[in-house]
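Report on the structure
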Amino acid sequence: MLPTWMVLAISLTYLLALFGVAHYADHLAKSGKHPNIVSNPYIYSLSIGVYCTSWTYYGSVGRAATSGVGFLPIYLGPTIVFTAGWFVLRKILRICKTQRITSIADFIASRYGKSQLIAGVVSVITVIVIIPYISLQLKAVAVSFGVVLAKDVQSAAAGLGAYDIALLVTLVLAAFAILFGTRHIEATEHHAGMVVAIAVESVVKLVAFLAVGAFVTFGMFDGFGDLFTKAAASPDLARLMTMDMAGTNWATLIILSMTAIVCLPRQFHVTFVENTDENHLTRATWLFPLYLLAINIFVLPIAFGGSLIFGKSGMDADTYVLALPLSAGQPMLTLFVLIGGLSAAAAMVIVATIALSTMVCNDLVMPTLFRVMEQRLAGRRDLTSLLLNIRRSVILLILLLAYLYLAAAGETYHLVTIGLVSFCGAAQLAPVMLFALYWRGGTRNAAFAGLTAGFSVWIYTLFLPSFAKSDLLPQSFLEEGPFGIALLKPYALFGLEGLDTISHSLFWSMVFNVAAFLIVALYGRQSRIEHIQATVFVEAFSQQQPHMLGAHHLERGGASVESLHQVAAKFVGEERALEAFKAHAQRLGLESERELHVDTGLMRLVERLVAGSIGAASARAVMATAVKAEQVSLEEIMEILDETSHVLEYSRQLELKSRELEIASSELKAANDQLREADHLKDEFMSTVSHELRTPLTSIRSFSEILQDDPDMPAEQRTTFLGIIDSES
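Here goes a summary of the coordinates provided. Since the structure is predicted, the reported quantities are computational estimates derived from the model, not experimental observations.

Attention shifts here to the overall build of the chain. Of regular secondary structure, the chain possesses 34 helices and 0 strands. Residues classed as buried in the chain amount to 54% of the 729 residues present. Pairs at least 24 apart in sequence give 82% of the contacts found in the chain among residues at least 6 apart. Within the structure as shown, the chain displays about 32,200 Å² of accessible surface, and the carbon and sulfur contribution to it stands at 62%.

Structure (structure tokens):
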């Protein structure tokens, strides 16, 4: 067996190597040398592989050991989204680029009037939803180290239990998340180092899983045929080869995974926020599903192999990936597999905590500080260090909360169950996102109603029961309902029985979520900013924002360029603000930023710069404060906003005219094709008629010439020829 110190040292060395990779990638990106190395569709697609966490690495095998192919729906959903729903992803990506979106909370809040309330609600939801998911990763890492060090721990590391390892892992991952993700202030600035490191981790966990799968299949058994034949001979495993054991909730799991690939903060971050080129998404629509296929090839062989070898020994199926090579006396392979599992967990934790820290900082902490310490913050010329320190503190706090959840309720559920609880919570963001993309009628109040209703039902039907199972709440809460009201039982709400807990929670939460949204939206009225943002989102492909922003300008005589420059520098730093102002002056054909005048274009520029650091909702509040300080009238602000609305509406009308011209052109082309077909038929008809006429005329002429040339022809033969001439005429 490998000694404890060696396992821990190699694991830490691996994490340090990842940081080295990230640092080198950041250096390449900053220098501009070899940009294709750090920004290409393959790195981008592999970074999306952060979807495959320890749930995939360990939990899928555990689920396959009890349900056969029942593990597949979690991967079918993302495959469907990337192959058949790519147009939705492309639209979200386009909006994120044009609106400088920093997170999923920022995206939803931007659509519904750049509302700080909505941004805050989404941030709270995602933090509560993702904490169990992060605790899943901590549990998986702790259990995997426990399996590898089981014998050695008793002799050389007495007292180092699973929770001690989990706490150690928590602190190490917190340090790496801080180093990876809080080096830049602008949340929209691409973390090239982090993305490359996540891509490397995706490769490591894939190769490690394929390695252990190949070893089990071809080393411990004689190939797929031998393994599946032996499994079929076992009555328990033979049932797993049918759909009878696969479960009846495939539709639920596919829907959950379809929403998770977009709505999970880490997936939104790597897919949209970290994207450097829209064309990379096109390549990812087949590369990412291919990755999912590759990493799941050996799930069933490992599950069946573990069941055959360990039988009913009580070995946790989630640990088969490590236990099989360990039992076969392959310590180095076991260590490699452990590193792969560490990669799967670390990648998720790093990206998730970075995304959550951005949301909490931008949408919860900063708005609160602006209200409580407005005068003090106004006196500071630079807030960049404050923002970074807040994000670093939030990362540490989130990971500690995840550790506490693990200690409180982590032993109650298997890895897959914890993941599904989080997936169901994240799915509450899907309705407001779809309405944001394809319906103009949504309002801030409707989004608030839908989110709070759906989230409340999820809390009641899934989150609270996890504490009841851990004896932190009375069992009567599950069995009898609160106050003994049977209709309010969390697992049989309003008397609905016969569904598994996940399907039950998803059904009721979606019913309340969508119903609340539609009722409030249909009976409410949109504000001006909500109407503008609705047009921006729904007509994402019809607008040409870079051109629009410079098309018309409302001159502002009272404000100063210097004051706007100070606002930008406060949140992004002096160097970045100066660079942006110079670039804006060059676009306008000016020689220097000193020649700039305060107009709508400059105000939008500053707002977008600030939004890149603290989100759209907080940026709007900051700009409102700046505008208020310059004593801009409400009518003037509305004129600024209304300009965009008119341009977008004009663009939409042009698009409608273009579509009408395309339809007319198609109709003309169809008519032309019909005329060509008719002309072709005419030619064929004339050819046929000509042939039919020439044939009898030729016969008549021939026989007539014979009769004329031979006057002595016998009468009988002459009569025959005359008969032929008569019949042909």
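Scanning the model with the defined rule gives 4 salt bridges in all. We note a salt bridge from Glu-278 to Arg-94, for which the minimum N-O separation is 2.8 Å. Here the residue Glu-278 occupies a position in helix α16 (residues 278–295), and Arg-94 occupies one in helix α6 (residues 86–99), the gap between them amounting to 184 residues. Taking relative accessible area as the criterion, Glu-278 reaches 24% and is therefore assigned partly exposed. Of the charged contacts, one joins Arg-440 and Glu-539 as a salt bridge, the two residues approaching to 2.5 Å between their closest N and O atoms.

Locating Val-457 in the fold gives a position in helix α24 (residues 444–469). Here the alpha-carbon distance between Val-457 and Pro-490, two residues 33 residues apart in the chain, equals 9.1 Å. When sequence neighbours within four positions are dropped, the list of residues in contact with Val-457 reads Trp-508, Ser-509 and Phe-512.

Between α6 and α16, whose axes approach to 10 Å, the crossing angle comes to 160°. Regarding the angle of α6 to α16, the classification is roughly antiparallel. The handedness of the crossing between α6 and α16 comes out as right-handed. Contacts between α6 and α16 involve Trp-86, Leu-89, Arg-90, Leu-93, Arg-94 and Lys-97 from the former and Glu-278, Leu-281 and Thr-285 from the latter. Its residues assigned to classes, the contact of α6 with α16 comprises 4 nonpolar, 1 polar and 4 charged.

Our next topic: the nonpolar core. Here is a general trend for soluble globular proteins: nonpolar side chains tend to be buried in one another's company. Counting 177 residues, the largest nonpolar core has Ile-92, Phe-107, Ile-108, Ile-134 and Phe-268 as the members making the most contacts within it. Examining the composition of this core, we find that 23 residues originate from one element, helix α19 (residues 331–372), more than from any other. Sequence-distant contacts of Ile-108, that is, excluding residues within four places in its chain, are made with Ile-118, Val-122, Leu-429, Val-432 and Met-433. If you look at the next biggest cluster of nonpolar residues, it comprises 13 residues, including Ala-568, Ala-585, Leu-605 and Val-610.

Before going further, it helps to spend a moment on the packing of aromatic side chains. Scanning the model with the defined rule gives 26 aromatic pairs in all. Both rings, one in Phe-507 and one in Trp-508, keep their centres 5.1 Å apart while their planes meet at 70°; by these two values the pair is edge-to-face. Cluster of aromatic residues (ring-pair linked, three or more members): Tyr-51, Phe-71, Tyr-75, Phe-82, Tyr-133, Phe-288 and Phe-423.

The next point concerns a nonpolar patch on the surface. A surface patch of nonpolar side chains, about 800 Å² in accessible area, is lined by Phe-483, Ile-485, Leu-487, Phe-494, Leu-499, Phe-507, Val-511 and Phe-512. For Phe-483, a relative accessible area of 85% gives the class exposed.

All right, on to unusual backbone geometry then. At Lys-114, a residue that is not glycine, the phi angle is positive and equals roughly 50°. Residue placement: Lys-114 occurs in the loop between α7 (104–111) and α8 (116–148). Judged by relative accessible area, Lys-114 falls into the buried class, the value being 15%. The phi dihedral of Phe-494 is positive, around 55°, even though this residue is not glycine. With respect to the secondary-structure elements, Phe-494 resides in the loop between α25 (476–479) and α26 (501–522). Phe-494 gets classed as partly exposed once you look at its relative accessible area, which sits at 42%.

Before going further, it helps to spend a moment on helix α18 (residues 320–327). Across the 8 residues of α18, 6 count as buried, placing the element largely inside the fold. Among the residues of α18, those classed as buried are Tyr-320, Val-321, Leu-322, Ala-323, Leu-324 and Pro-325. Turning to α18, the residues buried within the fold contact α4 (54–67), α8, α11 (192–220), α17 (299–310) and α19. Looking one or two residues beyond α18, the residue adopting positive phi is Gly-329, at roughly 70°.

Further remarks concern the environment of Ile-395. With respect to the secondary-structure elements, Ile-395 resides in helix α21 (residues 384–409). Expressed as a C-alpha distance, the spacing of Ile-395 and Ile-178, which sit 217 residues apart in the sequence, is 7.0 Å.

Take the environment of Ala-347 next. Residue placement: Ala-347 occurs in helix α19. Ala-347 sits in the buried class, given a relative accessible area of 0%. Sequence spacing of Ala-347 and Ala-199 is 148 residues, and the spatial spacing of their C-alpha atoms is 9.0 Å. Residues within four places of Ala-347 in sequence aside, it is in contact with Val-50, Ile-198 and Glu-201.

Quick look at the side chain of Glu-530 now. Tracing the chain through its elements places Glu-530 in helix α27 (residues 528–538). At 4.9 Å, Arg-444 is the nearest oppositely charged side chain to Glu-530, a buried residue that forms no salt bridge. Once you skip the residues sitting within four places of it in the chain, Glu-530 turns out to touch Arg-111, Tyr-112, Gly-113, Thr-443, Arg-444 and Arg-525.

How each quantity is defined
Residues numbered from 1 in each chain as written. Predicted model: local features only at pLDDT ≥ 70, side-chain atom pairs only at ≥ 80, totals over all residues. Heavy atoms only, no water. Helix = DSSP H or I, 4+ residues; strand = E, 2+ residues; numbered from the N terminus. Buried < 20%, exposed > 50% of the residue type's maximum accessible area, 1.4 Å probe, protein only. Contact = heavy atoms within 4.5 Å. Areas by Shrake-Rupley, 256 points an atom, 1.4 Å probe, with all protein chains shown as cover. Salt bridge = Lys/Arg side-chain N within 4 Å of Asp/Glu carboxyl O. Axes fitted to C-alpha atoms, helices over the stretch in contact; angles between N-to-C directions. Parallel < 35°, antiparallel > 145°, perpendicular 65-115°, else oblique. Left-handed = near helix turned anticlockwise from the far one by under 90°. Nonpolar A, V, L, I, M, F, W, Y, C, P; charged D, E, K, R; others polar. Core = buried A, V, L, I, M, F, W, Y, C linked by side-chain atoms within 4.5 Å. Phe/Tyr/Trp six-rings, centres within 6.5 Å; stacked < 30°, edge-to-face > 60°. Patch = residues over 30% accessible without salt bridge, like charges linked within 9 Å, V, L, I, M, F, W, Y side chains within 5 Å. Lys, Arg positive; Asp, Glu negative; His and termini not counted.

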